[in-house]
Amino acid sequence: PPNGSVVERIATMNSSPPAYLAGGEADLLVSLRCANSVLRIVSPFLRRDVRAGRGGARSGTVSRPKMEAWELWEFVRCLLFTICWSCTLQQNQKAETSDTSAAPKKEDSGNGENLLQNSAMCFNESVSIACKCLSLLRPVAALLSAEKAKECRNDGSVSPVDCKENAPLTRTLPTTLISDSMALSLVLTPAPIVRNCAESVFRSLFGINQAANESHAAENGDGAHGSSGAADTSSGFRELFSVNILSVLVSLLRLGDLPGRRLGGDARSKPPSGSCSGMFQLLEDALDETWREESNETKLATCTSMAAGPDVTDSLDRAHCPPPVCKGADDFPSLFRWIVQTIKHSPSREFRRMDSILDADLSKRTSARTQHSQQQSFEVDWFLVGLIRLGTKILSLVNDEKVLVAPGMADFIRVLFGRFAFNLSSTSSRPSSLPSSCCRSPQMREATLAMLKIFCDCDENVKAICQLLLDNHYNLSSEGIPRKDLLHEWRLDPSERRKSVTGFVGMKNQGATCYLNSLLQQFFLIPALRQGILSCKPETLDNGECSNGDKDGAKSNTSSSEMLQHLQRLFGNLLLSERRSFDTKDLVKSIHGYDGQSLRPGEQQDVDEFFGLFCDRLETALKPTPQRNILKDVFGGKISQMITCRKCGNVSERVEDSLAISVDVQGKKSILESFASYIQKEHIQGYKCDKCQTKEDAVKRCCVSFLPNTLIVHMKRFEFDLESMRKVKINTRCTFPMDLDMKPFTKEYLTVSAEDKAADYYQYYLRGVLIHSGTADSGHYYSIAKSAQLGGDSSECSWYCFNDSTVTSFDLSTLHEEAFGGQSSPNSLNKPYSAYLLIYERRHVAFLETGTELPASYKYNRVKDPRVFLSKGLFGDICQDNSRFLRDQTFFDATYSTFLVGVANNAKNTCVPVELIKLVTLHVFENLVHSKDRNSQLESFTSLLCSWYSQDSVACSWLLDTMCEKLRFWVAKILLNCDIAGTRALFARVLMAVLRKLVVESRALYGIEDEEFAVASSCSGSHCQGEEEYNCRDDDDDIILKVFAQRQQEPCAAVTNRVGRARFWMSHSVCARFVGVALIDSMQSCEHHWRRFDHLFQVVNCFASCGFPESIYLIRCGLILRLIDIYLGEASGVRRASFVVGCIDKDACGQRRPKIGDKYSDANFHPLLSLLSTLIRSCVVIPEEEWSDSDSDSDDFDDSSTADTKGRNSKEVFCCPPTLTDEAKSAFEAQSKTFVLPRRDAALVSTKKFVKKMLGEPSTANGPVVSDIVSSICYDNLEVTEMVCSVAKGFLVDKRADDFKVALKALSDLLRLNDAWIKQRIEKVFHTMAAALPANLKYEKESKLILSSLQNVLATRTKGDHGLPCEVMLQNYLLDNMGAITRQVREPNTSFAVRQALISVMHASLPLGKIEDSSTRINDGKVQTKYTAEPGGIVSNQCLNTND
């Protein structure tokens, strides 16, 4: 071996050429081929000897002499040398593969250099030899171990056989040779198969991670002989080599990061990409093995040394600071300090790699998304990734909290966070450069997050890392939080929206705007036009600038200027954006047609017609700018119409400006024929010559008098068929050349007198094709274009296909199949897709005479730095969008969520820091709710948040206080706009947990109001344009509070107080402010989201169900009016002035109220009605006529919302209404007070339209809720009861059974309502059911439903007891009208099932009592049954006719 190891020579850049090639590559290749032949001969004998040593030799075989020990040692030495030679040749040949393949063949000079002509063959041969040598190391190691064991049995004596004459007695190998072989085969070789083989072989030989393998073998039941043999081999080989493998591997770290290394640089001076990953994996396992073998005292000393922290004071010069010598756990601290310093001082050289040219076959076989996932990748800095993983391994082995908080670790955490995990700009800062160059690979981010997770085992580090994330990426003071741009983005995966692997950006199709997308993509790829558009600064014209007061002209100029601005934004994003496509919605809206209206996104247009329209609008927009003539410079040509008199030869010429040339396709085989037809002479008669002044015969001809720089050829494939009287498409084959000579079709060529121009003036090459697929009535446009990759070398051009949002590479060899049209096979129909517009570019660029306004930079070249011609504002917007998009790729990635899950799980058993709760909350509801396929993580995070918030009042107050102002958008975003019910439910679950935690603490602060606590941007007291003023309150909005002096069921004194509406936006209670501002105010627009508003009402209902004070406070907030207004819609009749509003939703004010529900689905009103039931049943609803007494003694409204101490003493009955909620009953019994519903609220809940809609609810799940509301408003109110019965009767008579179940349930529950009007109410209900029964007898289902409800009322009676009054009255009512019931049974139209139901009702109506005689006597056709009354029972003897 040469002087010095490979590591030292390469690290100091002293090896050029490699020292192992001192004899020459050709000679080395010959030697390796000879060695390969020898190895093929030796290998069987080595394996035979190994089998014999293990006892595996066959019986009866002839004994052959074995290799001696000194021969084995020499053979190992030769194997290691061969490995070094072959790997060196691989490295050299791989570096020169491209050069040798391009170089011409040399003549054989006789020295064997011609062997190197085929570099690929040389490379493959050297790879095969290296792998063979590596595989032979294992059997040789086994033999050496056996010899070593034999020597140990002989007390270390050397057998005479080994001491042959001239036999080397060296029993060790040079450490340099071992190090070189490992360096070259593990790191420096460019062959992955060699690196993998070397890693496996060296791992086996040195017993790295052997304990884990042994345990795995034991679990699988492997034989003990095999396991022990492997262990003996590895340990014996380690002893034979007398080398510390950990020290050797650590020394190889210098190869990972060579001084001055650059990714993509010279292959001789750097390892191949990813080559050091195996070395790092081997080193990690070696560290694990070393730590497992160390004693506890050594481990404790190591932890103590590492707790001193990395030395951050000394700067590290990595060019002269090799890794420390590491032989055991004692050296772990120095190794870790070197790792930390290297990471801190190593700039990451990662970048995203764009493969501009894809394989043509791959383009055909795979879709665009598959190509995207396969081709888009990063150039990974594997050295830094390996160092970070190595540091993580050391920290996990030490596992000491003191090490995690050692001095200098906080600074190291910031380095990891800011440079390797999240190298993105803060949300509060505006980036000034494109962030695409500083992105991080998934491997780098995953390794860094794994190390940060280790640091998070300490609470102090958890707080620090969470605070870093909050400050840099979830800064609530920035404009980026909350993310309003994701309002309609659900199931989002930003990785699917990355820029195409081609480096180009697509354009979104707004419905049928493919014609616009395909044309503007071609415009963008013309550098002169792109640069001209981006350089101009449009100025919007005021009305006064137009002459003669032309306001229409001013409006047109304004719209054109707006279109130019959107076009600039389009071109800027196509040039610099990191997204897959750009949204053209605003651009489409800004383009106005000839009728003055904006383009309709769903209406298909002819791309040639749109080309004329767009150029006209663009030219108008460019008039006030210096770039006014850019369209003429690019597309401007001139067509000459010449008429030649045949008598005198006088030529009359008319020149017209032209942006495109339209040629015929019908009957033409190529566009050359079309151009020939275009200039063909046409004979006309009766032409009046200007010179002859007589009518003579003439010849008319059309030709090109001035050629444009970019020639657009319109192939007229759409024509009007006079036979079918409709527009048809011509799909016949028409070819076009790649290079076009326009000289034969110009005026110079056709007119001899014209001045001729340079030859290249007429030469064009094809640069784009617009293809139409479909028919004349419908179809699709897409573009094929030739362009250099953006930002790359303009001389290297490729072809791409631009199909709306998708941009892929295009195989030019298939152009004739895609664009020429015609038949794909002889007997098939014409293909529906063919070229429609051709874009040719002239090789010689000549600009028109446009004056000095045209900058000299308007050439057909590419400007490298886009900031030269992009406006500062547009460039900043694009950079900010790119930064946000790259940040999304980080935070929407599963790795980031997994990292937070790990951090959160570490904090389960400890006091959870508030910073972690804030971070998880912001991540979940800012990012995770929008993510795709992350339901399991979302549920896990939600469970953690509910657990944390239920234990931390400070975190709960922070969340509600933040959602009152900055994050108020979350309520509308998730509870109203999210179309995933599970996501809405999880968000509601967190909010309900927070409210339950804080409601008890803040209950006493509900009524305390102060301007200092007013929510920012509160719109209370203001008004929207065209709307009434909000928050106009009077006495009808007051709650009446009645406090009784005693608690007997007799008249007693009561003090009446009044409590007005609440101003929740000024409440001292954060719960009150949140419920009012975030939840109740969000109901202003909930009608527009009627399919998704159920969870909003569930959260408010949770707050109302927390206790009686919460329900009363919601009533004071006017929630009953708001709910009924939503429920009834425009029919509610509630004035806007009656609502209590904290912040007015101006968007909702200006919109027409939508209709809730459609013919396909009904709105889910169950949460709304449940909330309404809770509120109504928290107060007493008194009749309208009784309000006069209350009003007579009421004082003026006190705006401070405090109770009026002046009341009247009256004699009222102290009773608790049975319709109240349990919380209201408890408050009534404990405090002897009750609340009366405000007059305006009570009047609205008692209206017929409200009751009618409730009783007509289609869902039976709403039955119990509706029954509770109806019972509450009917209590002590006979007038409302009559109204309810009237409405219910209409349902029972006219509707089907499924439509009146809710009404029937409400009527049945009214029977059990016990108040002063019980007798009248029961009669009303009975008459309603009795009237409905005859109308439904012929309908089996309806009749059975009504009868079963009556039977259910009677079935609840208790035997031997009177029962409820309704039960007794119903029984007597049925017995009194038994004749009518029996007549219904005898009706011939009555079905058998209805008869059975009638008989069941008759049976249930029999009196309850003890039967004295079980026998039944029949006398004279009478059936008599005698009942004996029991105490409190009902005595009734009825004799029924036997027919009955």
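All values reported here derive from a predicted model rather than from experimental measurement.

Caption draft 1: Here's a closer look at the overall build of the chain. Within the chain one finds 54 helices and 27 strands. The buried share of the chain, taken over its 1444 residues, is 51%. Taking all contacts inside the chain whose residues are at least 6 apart in sequence as the whole, residues at least 24 apart take part in 77%.

Caption draft 2: Representation of the sheet that holds strand β5 (residues 637-645) within the structure. Pairing within the open sheet is antiparallel, and its 4 strands lie in the order β6-β5-β9-β8. Edge positions in the sheet fall to β6 (651-658) and β8 (682-688), since each of these pairs with one other strand and no more. Within the sheet, the average angular offset between the axes of one strand and its neighbour, ignoring direction, is 30 degrees. Pairing geometry for β5 and strand β9 (residues 695-706), over 8 bridges, is antiparallel. In the sheet register, threonine 644 faces β9, and the bridge partner there is valine 699.

Caption draft 3: Representation of the packing of helix α49 (residues 1301-1310) against helix α50 (residues 1318-1335) within the structure. Viewed as axis vectors pointing N to C, α49 and α50 meet at an angle of 145 degrees, and their least axial separation amounts to 9 Å. Between α49 and α50 lies a crossing whose hand is left-handed. Where α49 approaches α50, its residues Leu1304, Leu1307, Ser1308 and Leu1310 are matched on the opposing element by Arg1321, Val1325, Thr1328 and Met1329. Split into classes, the residues belonging to the contact of α49 with α50 amount to 5 nonpolar, 2 polar and 1 charged.

Caption draft 4: Representation of helix α12 (residues 296-306) within the structure. When α12 is considered as a whole, its buried residues turn out to be Thr298, Lys299, Thr302, Cys303 and Met306. The arc that holds the buried residues of α12, viewed along the axis, is 140 degrees, so those residues lie on one side. Seen from the buried face of α12, the exposed residues on the opposite side, beyond 90 degrees, are Asn296, Glu297, Leu300 and Thr304. On its buried face, α12 is in contact with α11 (277-293), α13 (332-345), α16 (382-398) and α17 (401-404).

Caption draft 5: Broad picture of helix α39 (residues 1108-1116). Across the 9 residues of α39, 8 count as buried, placing the element largely inside the fold. Considered for burial, the residues of α39 that qualify are Phe1108, Glu1110, Ser1111, Ile1112, Tyr1113, Leu1114, Ile1115 and Arg1116. Looking one or two residues past α39, glycine 1118 carries a phi angle of roughly 70 degrees, positive in sign.

Caption draft 6: Highlighting the pairing of β5. Across the 9 residues of β5, 7 count as buried, placing the element largely inside the fold. Judged from the 8 bridges that link them, β5 and β6 form a sheet pairing that is antiparallel. Paired with methionine 642 across the two strands is glutamate 653, which belongs to β6. From the end of β5 to the start of β6, which pair antiparallel, there are 5 residues, and glycine 649 there has a positive phi angle of about 80 degrees.

Caption draft 7: Representation of the side chain of serine 1343 within the structure. For serine 1343, the position within the fold is in helix α51 (residues 1340-1355). Other than its neighbours up to four places away in sequence, serine 1343 contacts Leu1333, Asn1336, Leu1337 and Val1394.

Caption draft 8: Highlighting the nonpolar core. Counting 286 residues, the largest nonpolar core has Leu249, Tyr949, Phe1074, Phe1093 and Leu1255 as its most contacted members. Broken down by element, the residue count for this core peaks at 14 residues, all from helix α5 (residues 119-153). Counting residues in each nonpolar core, the second largest holds 60 residues, with Phe524, Leu613, Val634 and Leu874 among its members.

Caption draft 9: How the structure looks around the pattern of salt bridges. Scanning the entire structure with this criterion turns up 40 salt bridges. With a closest N to O distance of 3.4 Å, aspartate 288 and lysine 393 form a salt bridge. A residue pair is termed long-range when its members are at least 10 positions apart, and aspartate 288 in helix α11 and lysine 393 in helix α16 qualify at 105 residues. Put simply, arginine 1321 and aspartate 1315 hold a salt bridge, and the shortest N to O gap is 2.6 Å.

Caption draft 10: Quick peek at a negative patch on the surface. Side chains of Glu401, Asp457, Asp459 and Glu460 sit close together on the surface and give a patch of like negative charge. Residue placement: glutamate 460 occurs in helix α20 (residues 459-473).

Caption draft 11: Inspection of the environment of tyrosine 515 at higher detail. Note on placement: tyrosine 515 falls in helix α21 (residues 514-524). Since its relative accessible area comes to 0%, tyrosine 515 is described here as buried. Residues tyrosine 515 and aspartate 608, spaced 93 residues apart in sequence, show a C-alpha to C-alpha distance of 9.0 Å. Residue contacts for tyrosine 515: discarding those within four places in its chain leaves Leu599, Glu603, Gln604, Gln605, Val607, Phe610 and Tyr781.

Caption draft 12: Main features of unusual backbone geometry. In this model, arginine 491 sits at a positive phi of 60 degrees, which is unusual for a non-glycine residue. Within the secondary structure, arginine 491 is located in the loop between α20 and β3 (506-507). Given a relative accessible area of 45%, arginine 491 falls into the partly exposed group. Of note in this structure, aspartate 933 is not a glycine but carries a positive phi near 55 degrees. Here aspartate 933 is to be found in the loop between α32 (914-926) and α33 (935-949).

Caption draft 13: Summary view of a nonpolar patch on the surface. Together, Phe720, Leu722 and Met725 give the surface a local cluster of nonpolar side chains, amounting to about 370 Å² of exposed area. For methionine 725, the position within the fold is in the loop between β11 (718-721) and β12 (726-729). For methionine 725, a relative accessible area of 53% corresponds to the exposed category.

Caption draft 14: Representation of the confidence of the model for the chain. Taken over all residues, the pLDDT of the chain has a mean of 75, while the share at 70 or more is 72%. At the low end of the mean pLDDT range in the chain sits strand β26 (residues 1427-1428), at 36; at the high end sits helix α38 (residues 1094-1105), at 94. In this model, residues 210-234 is a region of pLDDT below 50 whose contacts with residues beyond four sequence positions or in other chains number 20 contacts. In this model, residues 1410-1444 is a region of pLDDT below 50 whose contacts with residues beyond four sequence positions or in other chains number 47 contacts.

Caption draft 15: Quick look at the pairing of strand β14 (residues 763-774). The buried count for β14 comes to 10 of 12 residues, which makes it a mostly enclosed element. By the bridge criterion, 3 bridges tie strand β13 (residues 739-741) to β14 in an arrangement that is antiparallel. Looking at β14, one finds that aspartate 739 is bridged to tyrosine 765. Pairing geometry for β14 and strand β18 (residues 833-842), over 9 bridges, is antiparallel. Bridge pairing in β18 places histidine 772 opposite serine 834. As judged from the 7 bridges shared by β14 and strand β15 (residues 779-788), these two strands associate in the antiparallel manner. Bridge assignment links serine 773 to a residue of β15, and that residue is histidine 780.

Caption draft 16: Structural detail: the environment of glycine 1076. Counting through the fold element by element, glycine 1076 comes out in helix α37 (residues 1070-1080). Residues glycine 1076 and arginine 1063 lie 13 residues apart in sequence; the distance between their C-alpha atoms is 8.6 Å. Excluding anything up to four places from it in sequence, glycine 1076 contacts Phe1064 and Asp1081.

Here is what the cut-offs are and how they apply
Residues numbered from 1 in each chain as written. Predicted model: local features only at pLDDT ≥ 70, side-chain atom pairs only at ≥ 80, totals over all residues. Heavy atoms only, no water. Helix = DSSP H or I, 4+ residues; strand = E, 2+ residues; numbered from the N terminus. Buried < 20%, exposed > 50% of the residue type's maximum accessible area, 1.4 Å probe, protein only. Contact = heavy atoms within 4.5 Å. Pairing = 2+ DSSP bridges. Axes fitted to C-alpha atoms, helices over the stretch in contact; angles between N-to-C directions. Left-handed = near helix turned anticlockwise from the far one by under 90°. Nonpolar A, V, L, I, M, F, W, Y, C, P; charged D, E, K, R; others polar. Arc of directions from axis to C-beta. Core = buried A, V, L, I, M, F, W, Y, C linked by side-chain atoms within 4.5 Å. Salt bridge = Lys/Arg side-chain N within 4 Å of Asp/Glu carboxyl O. Patch = residues over 30% accessible without salt bridge, like charges linked within 9 Å, V, L, I, M, F, W, Y side chains within 5 Å. Areas by Shrake-Rupley, 256 points an atom, 1.4 Å probe, with all protein chains shown as cover. Lys, Arg positive; Asp, Glu negative; His and termini not counted. Charge placed at Lys NZ, Arg CZ, Asp CG, Glu CD. pLDDT = per-residue confidence, 0-100.

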